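# Structural features, examined
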Amino acid sequence: MRDMAEQVDIFRASLEDAIEILALQKLAYQSEAQIYDDWSILPLLQTVEEIRDEFSTSVFLKAVSEHSIIGSLRSHIIENTCHIGRLIVHPKWQNLGIGTRLMTEVELMYRDVARFELFTGSNSIRNLHLYHKLGYQEFRREPLGSKVELVYLEKIVIGKKKNIGYKNS
C-alpha cells in the first residue's frame, strides 16, 4: 500500500470537490467521535452548503488517487499566520504519509508567512504525534465543552516578514 501512496497527487481543490470532501470528512472524523464519545462534533454535522461557503475564505487541498479524493485539508491566512484545519485522510490510507504530504504542500504554498497554526483534541494522540513530528509546538489549551480540550499548536518560520496579507497560490 505504501507504493500506492507514492502515486497520490496533491492538488488545489475546487468547489466541485465539496461533496466528495465532505463525505470523506464525515468518514475520517468517525474515529475522533469514537475517541471522545461525541457524535455531535462539528465536522460530522457540517452541511454541503457550509463547506461550499468555506471555499470563499479558505484554500482546500486534496490528495487524489485514481480519481478519488483520499485526503484533504483547508487553510486560510489571518495577518501573517496560516491557519490549517481539518486534515483528513481516508481510514484505508492513514499512516502512509498522505497527511504529511498535505501538510508539507500547504507549508510550501505559504512559505512567506511567519507561522502556521492548527488545533486538535487533547486525546487525539495520533494527530498530536504527527504534528509534533512535523515541528509543531503546543502553545495553548482550551476546553471545548465537558469532553474535549483543544490543543493549539504552532510552527514558527524564522526570519519572515510581517503583515504580508493573503497569498493566493
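Data block above holds the structure.
No experiment lies behind these values; they were computed from the predicted model shown.

## Brief notes about the environment of Glu6
Assignment of secondary structure puts Glu6 in the loop between α1 (2-5) and β1 (9-12). In this structure, the C-alpha to C-alpha distance between Glu6 and Ile51, residues 45 residues apart in sequence, is 28 Å.

## Topic: unusual backbone geometry
One non-glycine residue with positive phi stands out, namely Asp37, at about 50°. Phi at Asn95 takes a positive value of approximately 65°, unusual for a residue other than glycine. Here Asn95 lies in the loop between β4 (81-89) and α6 (98-109).

## Examining the side chain of Asp38
Residue placement: Asp38 occurs in the loop between α3 (30-36) and α4 (42-45). When near neighbours in sequence (up to four residues on either side) are disregarded, Asp38 contacts Ala33 and Lys147.

## Digging into the packing of aromatic side chains
Overall, the coordinates contain four aromatic pairs when judged by the stated rule. For the pair Phe55 and Phe60, a centre-to-centre distance of 3.9 Å together with 5° between the ring planes defines the contact as stacked. Among the residues examined, Phe55 registers a relative accessible area of 17% and is labelled buried. Connected via pairs of aromatic rings, a cluster forms that spans Phe119, Phe139 and Tyr152. Stacked on the ring of Phe139, the Lys or Arg Arg115 has its end atom at 5.2 Å from the ring centre. Lying across the ring of Tyr152, Arg140 places its NZ or CZ 3.9 Å from the centre.

Rules behind the numbers
- Residues numbered from 1 in each chain as written.
- Predicted model: local features only at pLDDT ≥ 70, side-chain atom pairs only at ≥ 80, totals over all residues.
- Heavy atoms only, no water.
- Helix = DSSP H or I, 4+ residues; strand = E, 2+ residues; numbered from the N terminus.
- Contact = heavy atoms within 4.5 Å.
- Phe/Tyr/Trp six-rings, centres within 6.5 Å; stacked < 30°, edge-to-face > 60°.
- Buried < 20%, exposed > 50% of the residue type's maximum accessible area, 1.4 Å probe, protein only.
- Lys NZ or Arg CZ within 6 Å of the ring centre and 35° of its normal.

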